[in-house]
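# Working through the structure, step by step
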Amino acid sequence: MLIEIKEMYKTYHVGESTVNALNGVSLQIDYGEFVAIMGHSGSGKSTLLNILGCLDTPSSGSYLLDGKEVAGMNRNELAAIRNEKLGFVFQNFNLLPRTSAIENVELPSFYGKKVSNAERRERAIELLTKVGLGGRLWHTPAQLSGGQQQRVAIARALMNRPSVILADEPTGNLDTKASIEIVEFLRSLNDEGITVVMVTHEDDIAAHAKRTIVVCDGKVVQ
Amino acid sequence: MSFLMIFKVALRAIWRNKVRSALTALGIIVGIAAVIAVIAIGQGASTQMQNSISGMGHNLVMVFPGSLSSGGARLGAGMSTTLTAEDGERIASEISHYVLAVCPMINSQAQVMYMANNWATSVNGVGPDFTVVRKWDVGEGSFFTDADVKSGRRVVVIGQTVATNLFGSENPLGKTIRVRNMPFKVLGVMAKKGSNAMGQDQDDILIMPYTTVRRVLQNSIFNNVNMLMVSLHSLDDLKAAKAEIESLLRMRHRLGKNKADDFDVRDMTEVVDSVTSISRMMTILLGVVASISLVVGGIGIMNIMLVSVTERTKEIGLRMAIGARPVDILVQFLLESIVLSCVGGLIGVACGVGGALIVGNIQKWPILITESSIAISFTFSALVGIFFGFYPAWRASRLNPIDCLRYE
């Protein structure tokens, strides 16, 4: 199993009251899956994705990623996991402004394992070509459309050859045509064997996934 | 992340906000420039004062005649007539382990004439060791000798100011001038000495054998002198040398145990000490003021770094999401502030050195720029960057990645 979550709770304390964002979630995702996580807002799906992405730690429960227990790790260990095993795609792209596409894609390789400059550049060009932006290596985000920016972000997520791509509403800021392009591209990546976990609230986007998990009130419903 | 890469990121972040970075660095530039300039001017002034004091003589100890009591009425200092040139000779011969040379001195005034020119000046009646004791060489011609002193010859060595006023462009050597209407032969002209610590023109002087002053100018029946200038081998022996001079003079003047000294031994250490301490105090004071401006510059850096951290919260979140550890973020922002303050420091050093040189040129102040003051202030600017950059950088590194990514 790539991801194995057991009896996971996440509790937030907001002033006096406590909010159970995750209420005993258990789920398993295998290598090579394409999973869509669905749920209305406040259902806990974002919290779940944050924990899956090692950006947040659960209050209790266990999280095995690639066979390794992640739940009790410190910030540095989590940073290393994020760098080596996870690739993020965000709703608002989160590219560095005024920085070229190629430098944005190279960014993850500067942290973690040492890579030679030539190797890094070669891989970044290869990835940008793969997402169809081979001719726009030196364009800055401001010079790219939303769909193109998201493709740069996907190339960046692939840079360190992650075990899984985590996409948080990757089509949320895109028009229908670009949305379909992006989700189909994620699908094609999945066909190459890359595991993709995607949070969305749009049914037609979720339909491209091979499996759909519905989260409601901090529990996996389906 | 490699250091070089972080450095590049920091440079780029600084370059992106050129105006803001320049204004932030300006605080440091002003601070460092102030420190450098102030220290350069302060140290220059202090060395100049020390030079002008040591220019008065070589490790000088001065022996003056003491006061004289006459029938219960005490006359002022210098009235005693017991201090003689022979005292000086005995000091030179008997305390030679401490004493390098001794020169007696009798002061007088005189009107001097050459052809149609005349000039009023002061007269120093001295011995042949004058050039050694005062560290003052003859510029042209020669100084008078022991023989001239013994026979009280009418020979004179003149200062530059006197030479100019009497002779103009004419060569004074070998000419005869009239001092109080008596003919004197000019043996030499002293090298230019300039003004002393009190601003008096030291070149406005006639120098002749003390015996000549006494016999020819003063018609004195006494053989006392106004002062003995004693030059020591080293100032380290000052206390011991003074004590030996005092006991020798007491013995020579046959002063009983209960009798007070009829002479007065003084040295320059008090003057040197007070001048040094004044200039040191000034340097410290100005240095403190300059350092305060450096601290203000540092606060400016801290302020701008906090703004920068807030502005780039999303970037921090993203970098953390793709694997930056807290320490990577810390180093990134810390390096940015260090680069900012070091660049400011470099420009500040340049401005400070330039400013000091310009001020020194305009005001004719002596300037002393030491490598150590440059090194210290540059190091200080780097420390300011580390000190004031640490808090913003630490804050950035403690941020929660989720909050950063959601930050708008």
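Look up: the structure comes first, before these words.
Described below are features of the structure shown in this document. (Residues numbered from 1 in each chain as written. Chains lettered and ligands numbered in written order. Predicted model: local features only at pLDDT ≥ 70, side-chain atom pairs only at ≥ 80, totals over all residues. Heavy atoms only, no water.)

Moving on: the overall build of chain B. The helix and strand tally for chain B stands at 13 helices and 12 strands. Taking 408 residues into account, the globule formula puts the C-alpha radius of gyration at 22 Å, and chain B, at 34 Å, lies well above it. On the principal axes, the C-alpha backbone points of chain B span a range of 105 × 60 × 35 Å. For chain B, the residues scored as buried account for 47% of the 408 residues in total. Long-range pairs, those at least 24 residues apart, make up 76% of the contacts in chain B between residues at least 6 apart in sequence. (Helix = DSSP H or I, 4+ residues; strand = E, 2+ residues; numbered from the N terminus. Rg over C-alpha atoms; globule rule 2.2 N^0.38 Å. Buried < 20%, exposed > 50% of the residue type's maximum accessible area, 1.4 Å probe, protein only. Contact = heavy atoms within 4.5 Å.)

Attention shifts here to the nonpolar core. Grouped together as the largest cluster of nonpolar side chains are 72 residues, with contacts concentrated most on L48, L52 and Y63 of chain A. Setting aside its immediate chain neighbours within four residues, Y63 of chain A contacts I3, E4, I5, M8, I51, L52, C54, K68, E69, V70 and A71 of chain A. (Core = buried A, V, L, I, M, F, W, Y, C linked by side-chain atoms within 4.5 Å.)

Before going further, it helps to spend a moment on the packing of aromatic side chains. Here the structure, examined in full by the defined rule, presents six aromatic pairs over all chains. Judged by centre distance (5.7 Å) and plane angle (10 degrees), the ring pair of F88 of chain A and F90 of chain A falls under stacked. The same class applies to F88 of chain A and to F90 of chain A, which are both buried. When the ring of F130 of chain B is compared with that of F143 of chain B, the centres are 6.0 Å apart and the planes differ by 5 degrees; the resulting orientation is stacked. Within this pair, whereas F130 of chain B is found in helix 4 (residues 130–133), its partner F143 of chain B is found in the loop between strand 6 (138–141) and helix 5 (146–151), the two being separated by 13 residues in sequence. Summarising the burial analysis for this pair, F130 of chain B and F143 of chain B share the class buried. Here a set of aromatic residues connected by ring pairs shows up, and it is made of F130, W136, F143 and F144 of chain B. In this arrangement the basic side chain of K18 of chain B is found over the ring face of W15 of chain B, its NZ or CZ atom lying 4.9 Å from the centre. (Phe/Tyr/Trp six-rings, centres within 6.5 Å; stacked < 30°, edge-to-face > 60°. Lys NZ or Arg CZ within 6 Å of the ring centre and 35° of its normal.)

Attention now goes to the sheet that holds strand 7 (residues 164–168) of chain A. Residue and element names in this part refer to chain A. Read across the sheet, six strands follow the order 6-7-8-3-9-10 without closing on themselves; strand pairing throughout is mixed. A single partner strand is all that each edge strand has here, and the edge strands are strand 6 (86–89) and strand 10 (219–220). Where strand 3 (residues 34–38) lies against strand 9 (residues 211–216), four bridges are found, and the strand directions are parallel. If you follow V35 over to strand 9, its bridge partner there is R211. Seen against the sheet, helix 5 (residues 146–158) touches strand 6 and strand 7 and runs at an angle of roughly 170 degrees to strand 6. (Pairing = 2+ DSSP bridges. Axes fitted to C-alpha atoms, helices over the stretch in contact; angles between N-to-C directions.)

This part is about the sheet that holds strand 1 (residues 3–14) of chain A. Residues and elements named next belong to chain A. Spatial ordering of the open sheet is given by 2-1-4-5, a layout of four strands whose pairing is antiparallel. The open sheet has two edge strands with one neighbour each: strand 2 (17–29) and strand 5 (68–69). Sheet topology note: the strand 4 (residues 60–65)/strand 5 ladder contains two bridges and is antiparallel. Across the sheet, residue L64 finds its bridge partner in strand 5, namely E69.

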